[in-house]
Amino acid sequence: AQTVTQSQPEMSVQEAETVTLSCTYDTSENNYYLFWYKQPPSRQMILVIRQEAYKQQNATENRFSVNFQKAAKSFSLKISDSQLGDTAMYFCAFMKRRNTDKLIFGTGTRLQVFP
Amino acid sequence: DTEVTQTPKHLVMGMTNKKSLKCEQHMGHRAMYWYKQKAKKPPELMFVYSYEKLSINESVPSRFSPECPNSSLLNLHLHALQPEDSALYLCASSQESRTSPFRTQYFGPGTRLLVL
């Protein structure tokens, strides 16, 4: 069975600084997909970034980028130039390529951005 | 446009009530999902509909009854719920495409349910 681990329950960062959220996963699959979702206090789960395991290049979306280390089964999220609106719960998630309906979520990291 | 809408935003119901949650998307997605999320926990998958047919039921109690009347709508009928069923209920939808072979799930804002 696949598992996703987020070892940082809470993190904080000052506005305009950079923060990295950790995620590791365990799987015997070779082809899979990884996601970071953000859930602000408004509750809506918002896709931040996604990565296909067969692509070696790390995904980037504006201020958000990932460090994908397939051998180490690590998928960390870097937020640059942090903004107050980045305050949220961040979930890392895994999906097998063969079954594209089941998202397996980590336990989440609560990020607080301070002015 | 990646909008999934859910109604109502909040719902309070007694254990003998019957109520329904509604989810709608107009992105042409053919897979729709119901999740249950307790406070400070990740979402837990309940049901998946693919092309309007139930494809996954994660051993959810029968007091939760999903329905997919058409490709844009997903309902969750609630009956005889327990206080422990109080949670945020999230709907999501997804679609395969030629440029993206995997189904990215897009979530609605959720319905906050309180069972008294």
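This text follows the structure it describes.
Only a predicted model underlies this, so the values are computations on that prediction, with no experimental measurement involved. (Residues numbered from 1 in each chain as written. Chains lettered and ligands numbered in written order. Predicted model: local features only at pLDDT ≥ 70, side-chain atom pairs only at ≥ 80, totals over all residues. Heavy atoms only, no water.)

**Regarding the nonpolar core**
Then, in step 1: Membership of the largest hydrophobic core comes to 25 residues, with the highest contact counts inside it found for Tyr25(A), Trp36(A), Phe75(A), Leu77(A) and Tyr90(A).
Then, in step 2: Listing elements by their share of this core, those giving two or more residues are strand S3 (19-21), strand S5 (32-39), strand S6 (46-52), strand S8 (64-69), strand S9 (74-79), strand S10 (88-96) and strand S12 (109-114) of chain A.
Then, in step 3: Element by element, the count of residues in this core is highest for S10(A), at four residues.
Then, in step 4: Listed in part, the 23 residues of the second largest apolar core include Tyr49(B), Phe64(B), Ala87(B) and Tyr89(B). (Core = buried A, V, L, I, M, F, W, Y, C linked by side-chain atoms within 4.5 Å. Buried < 20%, exposed > 50% of the residue type's maximum accessible area, 1.4 Å probe, protein only. Helix = DSSP H or I, 4+ residues; strand = E, 2+ residues; numbered from the N terminus.)

**Here we look at the side chain of Ser86(B)**
All names here are of chain B.
Then, in step 1: In this structure, Ser86 sits in the loop between strand S8 (73-79) and strand S9 (87-94).
Then, in step 2: In terms of polar contacts, Ser86 uses its side chain to reach the backbone amide nitrogen of Val115, at 2.8 Å.
Then, in step 3: Once residues lying within four places of it in the same chain are set aside, the contact partners of Ser86 are Lys38, Leu113, Leu114 and Val115. (Polar contact = N/O pair within 3.5 Å; in protein donor to acceptor, adjacent residues only side chain to side chain. Contact = heavy atoms within 4.5 Å.)

**Some remarks on the interface of chain A and chain B**
Then, in step 1: Contacts between the two partners involve 23 residues from chain A, matched on the other side by 31 residues from chain B.
Then, in step 2: Connecting chain A to chain B are one salt bridge.
Then, in step 3: Here Lys102(A) and Glu58(B) are joined by a salt bridge, their closest N and O atoms 3.0 Å apart.
Then, in step 4: Put simply, chain A and chain B have seven residue pairs in polar contact (both at pLDDT 80 or more) between them.
Then, in step 5: Looking at the side of chain A that touches chain B, the elements that each hand over two or more residues are S5, S6 and S10 of chain A.
Then, in step 6: Element by element, the count of residues in the side of chain A that touches chain B is highest for S5(A), at four residues.
Then, in step 7: Tallied by class, the residues present in the side of chain A that touches chain B amount to eleven nonpolar, five polar and seven charged. (Salt bridge = Lys/Arg side-chain N within 4 Å of Asp/Glu carboxyl O. Nonpolar A, V, L, I, M, F, W, Y, C, P; charged D, E, K, R; others polar.)

**Focus on the state of the cysteines**
In protein chemistry, a disulfide is the covalent bond that joins the sulfur atoms of two cysteines.
Then, in step 1: Summed over the entire model, instances satisfying the criterion amount to two disulfides over all chains.
Then, in step 2: Across a sulfur-sulfur distance of 2.0 Å, Cys23(A) and Cys92(A) are joined as a disulfide pair. On the sign convention where negative is left-handed, the bridge of Cys23(A) and Cys92(A), at about -70° about the S-S bond, is left-handed. Of the two residues, Cys23(A) is situated in the loop between S3 and strand S4 (24-26) and Cys92(A) in strand S10; the sequence distance between them amounts to 69 residues. Across the pair, exposure class does not vary: Cys23(A) and Cys92(A) are buried alike.
Then, in step 3: Each sulfur in the disulfide pair Cys23(B) and Cys91(B) lies 1.9 Å from the other. Classification of the bridge connecting Cys23(B) and Cys91(B) rests on its S-S torsion, roughly -70°, and on that basis the disulfide is left-handed. With a gap of 68 residues between them, Cys23(B) in strand S3 (residues 18-25) and Cys91(B) in strand S9 connect regions that are remote in the sequence.
Then, in step 4: A relative accessible area of 0% means that Cys91(B) is categorised as buried.
Then, in step 5: No disulfide involves Cys68(B); its sulfur sits 9.3 Å from that of Cys23(B), the nearest cysteine. (Disulfide = S-S within 2.5 Å.)

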